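What follows is each chain in one-letter form.
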Amino acid sequence: MSENREDRSHRSRTSGSAAGPGGESGAESGGRAGPQPEEIRFFGTTWVDHDGGYGLRRAAVAAGSLAAAVAGCLVLRFAYQGLEIARVGAFVDLLVIVTFAVCSAVAFRRTWEGFSRRPADPAREESLRSLRMIGFIGGLLAYFLRSLTEAPGEKLRRGEYETALAQYEKRRGSRTGNPAARRRPRRG
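The following refers to the structure shown. (Residues numbered from 1 in each chain as written. Predicted model: local features only at pLDDT ≥ 70, side-chain atom pairs only at ≥ 80, totals over all residues. Heavy atoms only, no water.)

### Regarding the overall build of the protein
Okay, step 1: Within the protein, the secondary structure is distributed over 7 helices and 0 strands.
Okay, step 2: Evaluated residue by residue, the protein yields a buried proportion of 30% over its 188 residues.
Okay, step 3: Taking as baseline every contact in the protein between residues at least 6 positions apart, the subset at least 24 positions apart corresponds to 59%.
Okay, step 4: Counting only carbon and sulfur atoms, one obtains 59% of the accessible surface of the protein, whose full area is about 12,500 Å². (Helix = DSSP H or I, 4+ residues; strand = E, 2+ residues; numbered from the N terminus. Buried < 20%, exposed > 50% of the residue type's maximum accessible area, 1.4 Å probe, protein only. Contact = heavy atoms within 4.5 Å. Areas by Shrake-Rupley, 256 points an atom, 1.4 Å probe, with all protein chains shown as cover.)

Next comes the structure, spelled out in structure tokens:
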């Protein structure tokens, strides 16, 4: 693990890209110059170079989220059996099924969209938190499906990171050279 960090820090000093915690500038991250990639839960910054057990982590996240979704389905099944034992009626049974189905669909959609773009209104996302908690199975399934192709949120963060690197290189390139050798306009 320490070899990966040393290799990454060496690459970052030579290529202008750094691999530290999310969004820090060079002065804040121990002297490394340039933008820093944002960490992803369970992956850290291994998504940048796909090193540090990235493939194994993706497999573990996929298996873990699928196992959690199956366990959640079993818990919901036991709860439904409790309603059957209590004989609450067909209307309540239907209401519970529809509620969990709708909440799971909304949670899946919101989680899936969160992997490709930042929320436009964080307050609205906060207000939907309870709905996403009820539909936790949908969120877990979205996490499972995304982790089959990439680290959840990797595409979004990679785009932001590459844009930040390009802007940093552009700013850095415009400052190179000897400023004393530049011609100054004559005042006339």
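### Quick word on the nonpolar core
A general feature of soluble globular proteins is that nonpolar side chains tend to end up buried together.
Okay, step 1: Of all hydrophobic cores here, the largest spans 12 residues; its members are Ile 40, Phe 43, Trp 47, Val 48, Tyr 54, Val 61, Phe 115, Ala 142, Tyr 143, Ala 151, Tyr 161 and Leu 165.
Okay, step 2: Broken down by secondary-structure element, the contributors of at least two residues to this core are helix 2 (54-86), helix 6 (136-147) and helix 7 (154-174).
Okay, step 3: Setting aside residues up to four positions removed in sequence, Phe 43 forms contacts with Tyr 54, Arg 57, Arg 58, Val 61, Ala 151 and Pro 152. (Core = buried A, V, L, I, M, F, W, Y, C linked by side-chain atoms within 4.5 Å.)

### Structural notes on the packing of aromatic side chains
Okay, step 1: In total, this model carries 5 aromatic pairs according to the counting rule given.
Okay, step 2: When the centroid spacing of 6.2 Å and the interplanar angle of 80° are considered together, the rings of Trp 47 and Tyr 161 count as edge-to-face. Placement of Trp 47 in the loop between helix 1 (2-15) and helix 2 and of Tyr 161 in helix 7 is noted, with a sequence separation of 114 residues between them.
Okay, step 3: For Tyr 161, a relative accessible area of 8% gives the class buried. (Phe/Tyr/Trp six-rings, centres within 6.5 Å; stacked < 30°, edge-to-face > 60°.)

### Digging into a nonpolar patch on the surface
Okay, step 1: A grouping of Leu 66, Val 70, Leu 74, Phe 78 and Leu 141 is seen on the molecular surface, where their side chains present a nonpolar patch of about 440 Å² in accessible area.
Okay, step 2: In terms of residue count, helix 2 provides more of the nonpolar patch than any other element does, 4 residues in total.
Okay, step 3: Here Val 70 lies in helix 2. (Patch = residues over 30% accessible without salt bridge, like charges linked within 9 Å, V, L, I, M, F, W, Y side chains within 5 Å. Salt bridge = Lys/Arg side-chain N within 4 Å of Asp/Glu carboxyl O.)

### Details of helix 2
Okay, step 1: Taking 1.5 Å of rise per residue, the 33 residues of helix 2 would be expected to cover 48 Å, and the 48 Å separating its terminal C-alpha atoms lies within 8% of that figure.
Okay, step 2: A positive backbone phi angle near 50° is found at Arg 87, which sits one or two residues after helix 2. (Expected span 1.5 Å × (residues − 1).)

### A word on helix 6
Okay, step 1: A rise of 1.5 Å per residue sets the reference length of helix 6, with its 12 residues, at 16 Å; its end C-alpha atoms lie 17 Å apart and thus fit the reference within 8%.
Okay, step 2: Listing the buried residues of helix 6 in full gives Ile 137, Gly 138, Gly 139, Ala 142, Tyr 143, Phe 144, Arg 146 and Ser 147.
Okay, step 3: Residues of helix 6 that are buried in the fold lie against helix 2 and helix 3 (90-114).

### Topic: the packing of helix 3 against helix 6
Okay, step 1: Close contact between helix 3 and helix 6 brings their axes to 6 Å; oriented N to C, the two are set at 40°. Both helix 3 and helix 6 take part in a crossing whose hand is right-handed. Judged by residue contacts, Ser 104, Ala 107, Phe 108, Thr 111 and Trp 112 of helix 3 engage Ile 137, Gly 138, Gly 139, Leu 141, Ala 142, Leu 145 and Arg 146 from helix 6.
Okay, step 2: Along the lines of polarity and charge, the residues of the contact of helix 3 with helix 6 split into 7 nonpolar, 4 polar and 1 charged. (Axes fitted to C-alpha atoms, helices over the stretch in contact; angles between N-to-C directions. Left-handed = near helix turned anticlockwise from the far one by under 90°. Nonpolar A, V, L, I, M, F, W, Y, C, P; charged D, E, K, R; others polar.)

### Notes on unusual backbone geometry
Okay, step 1: Here the phi dihedral of His 50 falls at roughly 55°; this positive angle occurs in a residue that is not glycine.
Okay, step 2: Its place among the elements puts His 50 in the loop between helix 1 and helix 2.

### Description of the environment of Ala 63
Okay, step 1: Along the chain, Ala 63 turns up in helix 2.
Okay, step 2: Spatially, the C-alpha atom of Ala 63 lies 9.6 Å from that of Leu 148, the residues being 85 residues apart in sequence.

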